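One-letter residues, chain by chain:
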Amino acid sequence: MENLLRKSDRDFFQHYLDDYNFITTQIGEKLNLVCNSYNEFIDTPIEVIDEKDYKFVIFAADQNLVSSSMSFDPALNTVVEGLPKIDINNIPQRVLNVIEQHKGGEKITLSSDNVIFAGRTENAYAFMIPLNDMSYKTISNYFNCLLKDINVSINPLTPYIMNIFNINSQEAYTKYLQLPENLPNRIKELAEKITSTQNNRYDKVKAIETYLSDNYKYTLTPDDTPSGRDFVDYFLFDLKKGYCTYYATSMVVMLRSLGIPARYVEGYIVTSGSKKGNEYHVTNEKAHAWVEAYFEGFGWIKFEPTAAYASTVNNENKNDDRSEDTKGGKPSWIDGKNSPSNNYELQVKQLPADNKKLITLVIVIVLVSLCILAFAALVLFNHIKGRRKLNKLTKMSPRDSIISSYKLILFYMSLLGYGKEDGETPKDYANRMGKSIVANHANLNTVTDVFILARYSNNAITDKDKAHVLDSFNNLSLYTKQNLGKFKHFTLKYLQGKI
């Protein structure tokens, strides 16, 4: 989490989008380059991308080194070609050498999953190999080739979500950077000195938090701030002791002086020692103040600068007898009262909550997105399940394939209202169906004769018999799709996985 926070800055999302657009543009250019420069009589063309934490090796391969699988798609009632793949053993040694030169400390295990087909020309196929995890995830999302009939993509950086993030960001940078005009310069100078060796927002915030916790004494009975003196300036340079209000106010002001949105928060510290039965008893003795700093992409993060509490932040302290009256010794300007130029407007909040409507909206969007994703996953699963069932039929021996296909034909007939009755023999059933439309689509009489031979005799069953029954089943499947109704067919096939 800390490493992620170190990457956060004001333009966090824009940087992400700029990097993403940059790398996808680079990939497109490199792919065109290797494909257009391919010549079977010269070395394999290779391009390397190693920028902005992305690493790729892109190369072109002869079409003779590439293979693709064929499978039957019942939805289209035809055979479809899968994505081209290159066997690991067919990758040119020159490409493997380049991977070794550029992978650095990454552990790269070549497999069919991370050698990604990316395009082709008349004579060559282009492949790309990501050399780190970030590159693999990016390219897997960009080349979304796996979902064919159903292509659902939920992008967390859609314009609508981006708009919500921008609203939060705008509020943070307008509402939570306010400072009085006459703020003593040495407060900002001290903040700059403390953070001079830090190069990111998170480490700067932690440096100020640690400085206050380590260098100022905790007491519940500090002296009053002299009339005319700035509250924070007096605490930092003269008094050098106080309770949570002093620490939190000072940290907020120092962070804001550095251009880091920060807010002063009041609430209560609830420990397990406060629990009686199923209830927590919270009194003013547990009142406390702390700091929250804004991080683009993450929101408001809690920090604890108060010396006596620093080691217990986010942890329970069952024997904590400290008590504070944050209202008693706090200067009036903390709550926005007496608002002359010395009003810090720290936006005191009883609970560290903000933009509840926006947060609720984001939660709703996330939940809806998850439901859509789950729905798509179910549809995709049952689609693949159906394809595998048919592929299995084509790979079975003629006898087993015919017996299994006949059972499916009976099931489809029952869906259409022409089910086989209990005790009825296959031949009797075929005779009863006669020359009805549905029986003709299934070629039921001929299929029944072949089934009886396969099921009850030792006669040789040929591939021609198998192909005939499979064709009859495919015809019935298409007829069923046309006559069940789109909704019922979709439910049975994609939601229930029955057909």
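A brief structural summary. As the structure is a computational prediction, the values presented were derived from the model and not from experiment.

With that settled, consider the pairing of strand 2 (residues 54-62). The side chains of a regular strand alternate between the sheet's two faces. Within strand 2, nine of the nine residues are buried, which leaves the element mostly enclosed by the surrounding structure. The side-chain alternation of strand 2 yields two buried faces, one formed by Tyr-54, Phe-56, Ile-58, Ala-60 and Asp-62 and the other by Lys-55, Val-57, Phe-59 and Ala-61. Two elements, strand 2 and strand 8 (residues 124-130), share seven bridges in a ladder whose sense is antiparallel. Counted as the bridge partner of Ala-60 is Ala-126 from strand 8.

Looking now at the sheet that holds strand 15 (residues 299-303). Ordered by their spatial adjacency, three strands build an open sheet running 11-14-15, and the pairing between neighbours is antiparallel. If you trace the sheet from one side to the other, it starts and ends with strand 11 (262-268) and strand 15, each paired once. Direction aside, neighbouring strands of the sheet carry axes that sit 40° apart on average. Here strand 11 runs beside strand 14 (residues 287-295); their pairing, made up of seven bridges, is antiparallel. Within strand 14, the residue paired with Gly-267 across the bridge is His-288. The sheet contacts of helix 7 (residues 201-215) involve strand 14 and strand 15, and relative to strand 14 the element is tilted by about 155°. Strands in contact with helix 9 (residues 244-257) are strand 11, strand 14 and strand 15; relative to strand 14, the strand with the most contacts, it is inclined by about 15°.

Let us look at the side chain of Thr-219. Mapped onto the elements, Thr-219 comes out in the loop between strand 9 (217-218) and helix 8 (231-239). Residue class for Thr-219 comes out buried when judged on its relative accessible area of 15%. Side-chain polar atoms of Thr-219 contact the backbone nitrogen of Thr-221, separated by 3.1 Å. Leaving out residues up to four positions away in the same chain, Thr-219 has contacts with Lys-241, Gly-242 and Tyr-243.

Before going further, it helps to examine the nonpolar core. A general trend in soluble globular proteins is that nonpolar side chains are found buried together. Counting residues in hydrophobic clusters, the biggest one holds 40 residues, and the most contacted among them are Leu-212, Leu-236, Met-254 and Leu-255. Going through the elements one at a time, helix 6 (185-194), helix 7, helix 8, helix 9, strand 11, strand 14 and strand 15 are the ones with two or more residues in this core. When residues no more than four places from it in sequence are discounted, the contact partners of Leu-236 are Ile-187, Leu-190, Leu-212, Tyr-216, Ser-250 and Met-254. Ranked by size, the runner-up nonpolar core spans 32 residues in total, among them Leu-415, Val-438, Phe-473 and Ile-499.

In the contact formed by helix 11 (residues 398-415) and helix 12 (residues 426-433), the axes pass within 14 Å of each other and the chain directions differ by 40°. The pairing of helix 11 with helix 12 is recorded here as oblique in orientation. Classified by chirality, the crossing of helix 12 by helix 11 is left-handed. For the pair helix 11 and helix 12, contact is made by Tyr-406, Leu-410 and Met-413 and by Pro-426, Tyr-429 and Met-433, respectively. Of the residues belonging to the contact of helix 11 with helix 12, the class tally is six nonpolar, no polar and no charged.

Let us now look at the pattern of salt bridges. Per the stated rule, a full pass over the model turns up ten salt bridges. Of the charged contacts in the structure, one is a salt bridge between Arg-229 and Asp-233, with a shortest N-O distance of 3.0 Å.

Another point: unusual backbone geometry. The phi angle at Lys-240 is positive, at roughly 55°, despite the residue not being glycine. Looking at where Lys-240 falls in the secondary structure, it is placed in the loop between helix 8 and strand 10 (241-242). Positioned with a positive phi, Asn-443 is a non-glycine residue whose angle comes to about 50°. Mapping Asn-443 onto the fold places it in the loop between helix 13 (437-442) and helix 14 (444-456). Exposure remark for Asn-443: the relative accessible area of 28% places this residue in the partly exposed category.

Moving on to the sheet that holds strand 1 (residues 46-51). Strand order in the open sheet formed by four strands is 1-2-8-7, with antiparallel pairing between adjacent strands. Only two strands of the sheet have a single partner each, and these edge strands are strand 1 and strand 7 (116-120). Taking the axes of each pair of neighbouring strands and ignoring which way they run, one obtains an average angle of 20° across the sheet. As paired strands, strand 1 and strand 2 are joined by six bridges and run antiparallel to one another. Across the sheet, residue Ile-49 finds its bridge partner in strand 2, namely Phe-56.

About the cut-offs
Note on numbering: residues in each chain are counted from 1, in written sequence order. With pLDDT at 70 or above as the cut-off, local features in this predicted model cover only qualifying residues; side-chain atom pairs require 80 or more to be listed or tallied, and sums for whole chains, interfaces and linings still use all residues. Each side-chain value is worked out from all heavy atoms of the structure, with water and hydrogens disregarded. Throughout this description, buried means an accessible area under 20% of the type-specific maximum (1.4 Å probe, protein chains only), exposed means over 50%, and partly exposed covers the range between. Every helix listed is a DSSP run of H or I at least four residues long, and every strand listed is a run of E at least two residues long, numbered separately from the N terminus. Whether two strands pair comes down to DSSP finding at least two bridges between them. To obtain each axis, a line is fitted to C-alpha atoms, and for helices this fit is confined to the stretch in contact; angles are then taken between N-to-C directions over 0 to 180 degrees. Here a residue-residue contact requires only that any non-hydrogen atoms of the pair lie within 4.5 Å. Under the rule applied, a polar contact is a pair of N or O atoms within 3.5 Å (in protein, one hydrogen donor and one hydrogen acceptor; residues adjacent in sequence only if both atoms are side-chain atoms). To qualify as a nonpolar core, a set must consist of buried Ala, Val, Leu, Ile, Met, Phe, Trp, Tyr and Cys residues joined through side-chain atoms within 4.5 Å. An angle below 35 degrees is treated as roughly parallel, one above 145 as roughly antiparallel, one from 65 to 115 as roughly perpendicular, and anything else as oblique. Left-handed is the label given to a crossing in which the near helix is rotated counterclockwise from the far helix by less than a right angle, and right-handed is the label when the rotation is clockwise. When residues are grouped by polarity, Ala, Val, Leu, Ile, Met, Phe, Trp, Tyr, Cys and Pro land in nonpolar, Asp, Glu, Lys and Arg in charged, and all others, Gly among them, in polar. Should a side-chain nitrogen of Lys or Arg be within 4 Å of a carboxyl oxygen of Asp or Glu, the pair is scored as a salt bridge.

Purely spatial values, then, with no claim about function.
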